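What the coordinates show
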Amino acid sequence: MLDTLIAEFDKGLRTVFASASSLRPHPDQDVAEAGLSDAERRHALGLMRVNHCGEVCAQALYQGQALTARDPATRDSLKQAAWEETEHLAWTERRIADLGGRKSVLNPVWYVGSLAMGVAAGALGDRWNLAFLEETEIQVAAHLDEHLQTLPVDDAKSRAVVTQMRDDEARHAETAHNLGAAPMPAPVKTLMHLTSQLLKKSSYHI
């Protein structure tokens, strides 16, 4: 048990403070950088900082859920999703750097909160664990669609990253559904949506 706690603590430190790496090619690696105005660059940077913060939260959430998952198939699906979210961390982190910005200073706070939510979701049982995963991914895919609508038209690099992230998130939601996710109650969906809005508004600026 102690070894598990140490390993999970180390995972958390690396998620929040270390640079992530990607086995898959970065989606924007062959896309040329556009000439953006200062306002366009700031907006793209804000959106990518939101996305990076969301991926930090996803890592913590899946980490907590995997710790309390009972079924091996559920645990494996959470680990697979977490692995792809690590790649998303790498993609958004580099895009933030390319745009001349920094990651959100609130990442440690959001990580701790998301980890607690993941542990709680897993403790309710695998069907609810999967329900939380499915709804999380549905909402993330929706907000990535919103980003594609508001990103600068010429910012093809950011668009390439966000598009691949959206496709991955949609697949995670479908996997959770197929594994037997319980229907998520409407009040819980609303609470999750309000929490995500708070994350977006705070991490966009800081």
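I will try to describe carefully the structure that is included in this document. (Residues numbered from 1 in each chain as written. Predicted model: local features only at pLDDT ≥ 70, side-chain atom pairs only at ≥ 80, totals over all residues. Heavy atoms only, no water.)

Topic: the overall build of the protein chain
So the rule is basically this: Counting from the N terminus, the helices are DSSP H or I runs at least four residues long and the strands are E runs at least two residues long. Radius of gyration here uses only the C-alpha atoms, and the compact-globule reference equals 2.2 Å multiplied by the residue count raised to the power 0.38.
Looking only at helices and strands, one finds 7 helices and 0 strands in the protein chain. The order of α-helices and β-strands along the protein chain, N terminus first, is α-α-α-α-α-α-α. For the protein chain, the C-alpha radius of gyration of 16 Å lies close to 17 Å, the compact-globule estimate for 206 residues. Principal-axis analysis of the C-alpha atoms places the extent of the protein chain at approximately 50 × 35 × 30 Å.

Some details on the pattern of salt bridges
Short version of the rule: When a carboxyl oxygen of Asp or Glu is within 4 Å of a side-chain nitrogen of Lys or Arg, the pair counts as a salt bridge. Accessible area is worked out with a 1.4 Å probe on protein chains only. A residue is then buried under 20% of its type maximum, exposed over 50%, and partly exposed in between.
The full count for this structure, using the stated rule, is 11 salt bridges. Asp-145 serves as the salt-bridge partner of Arg-166, at 3.0 Å between the closest nitrogen and oxygen. Here Arg-166 is found in helix H6 (residues 156-178), whereas its partner Asp-145 is found in helix H5 (residues 126-150), with 21 residues between them in sequence. You can call Asp-145 partly exposed: its relative accessible area is 32%. Connected through salt bridges with shared partners, the residues Arg-24, Glu-87, Asp-168 and Arg-171 form a single ionic network.

Focus on the nonpolar core
Filter applied, for reference: What makes a nonpolar core is a set of buried Ala, Val, Leu, Ile, Met, Phe, Trp, Tyr and Cys residues whose side-chain atoms join them at distances within 4.5 Å. Only heavy atoms enter the contact rule, under which two residues are in contact if any of them lie within 4.5 Å.
One finds Tyr-62, Leu-78, Leu-130, Ala-131, Phe-132, Leu-133 and Met-184 to be the most contacted residues of the largest nonpolar core, which totals 18 residues. Looking at this core, the elements with two or more residues in it are helix H2 (38-68), helix H3 (72-98) and H5. Sequence-distant contacts of Tyr-62, defined by excluding residues within four places in its chain, comprise Leu-78, Ala-81, Ala-82, Glu-85, Leu-133 and Glu-137. In this structure, Leu-45, Trp-91, Leu-144 and Leu-148 belong to the second largest nonpolar core, which totals 15 residues.

What to know about the environment of Thr-92
Under the convention used in this document: In protein, a polar contact requires one atom able to donate a hydrogen and another able to accept it; more generally it is a pair of N or O atoms within 3.5 Å, and residues adjacent in sequence count only if both atoms are side-chain atoms.
Structurally, Thr-92 is set in helix H3. Distance from Thr-92 to Gln-139, taken between C-alpha atoms, is 18 Å for residues 47 residues apart in sequence. Reaching out from Thr-92, the side chain makes a polar contact with the backbone oxygen of Leu-89 at a distance of 3.2 Å.

Observations concerning the packing of H2 against H3
Keep this limit in mind: Helix axes are fitted only over the stretch in contact, all axes being lines through C-alpha atoms; the angle between N-to-C directions runs from 0 to 180 degrees. Here the word oblique covers every angle except those under 35 degrees (roughly parallel), over 145 (roughly antiparallel) and from 65 to 115 (roughly perpendicular). By convention, the crossing between two helices is left-handed when the near helix turns anticlockwise from the far helix through less than a right angle, and right-handed when the turn is clockwise. Residue type decides the class: Asp, Glu, Lys and Arg count as charged, Ala, Val, Leu, Ile, Met, Phe, Trp, Tyr, Cys and Pro as nonpolar, and the leftover types, Gly among them, as polar.
One way to put it is that H2 packs onto H3 with a least axis distance of 9 Å and a crossing angle of 155 degrees. Our classification of the angle between H2 and H3 gives roughly antiparallel. Considering the relative orientation of H2 and H3, their crossing is left-handed. In this structure, H2 contributes Leu-45, Met-48, Arg-49, Asn-51, His-52, Glu-55, Val-56, Ala-58, Gln-59, Tyr-62, Gln-65 and Ala-66 to the contact, and H3 contributes Arg-75, Leu-78, Ala-81, Ala-82, Glu-85, Thr-86, His-88, Leu-89, Thr-92, Glu-93, Arg-95 and Ile-96. Residue composition of the contact of H2 with H3, by class: 11 nonpolar, 7 polar and 6 charged.

Focus on the side chain of Glu-137
Inclusion rule: Positive charges come from Lys and Arg, negative ones from Asp and Glu, while His and the chain ends are left out of the count.
Among the structural elements, Glu-137 can be located in helix H5. Although Glu-137 is buried, it makes no salt bridge; Arg-171 carries the closest opposite charge, 9.1 Å away. A polar atom in the side chain of Glu-137 sits 2.3 Å from the side chain of Tyr-62.

Regarding the layout of surface pockets
Here is the rule we go by: A cavity, in this analysis, means grid points on a 1 Å lattice covering only the protein atoms where a 1.4 Å probe fits yet has no way out; a pocket is instead an open set bounded by protein on both sides within 12 Å along at least five of seven lines, and a residue lines either one if it has an atom within 4 Å of a point. Grid points are joined across faces, edges and corners, and a volume is the space filled by probe spheres set on the points.
Considering only enclosed or pocket space, the largest pocket measures out at about 500 Å³ in volume. Taken together, 29 residues form the lining of the largest pocket, with Thr-136, Val-140, Met-192, Ser-196 and Leu-199 sitting closest to its centre. Sorting elements by how many residues they give to the lining of the largest pocket places H5 first, with 9 residues. When the residues that make up the lining of the largest pocket are grouped by side-chain class, the tally is 13 nonpolar, 10 polar and 6 charged.

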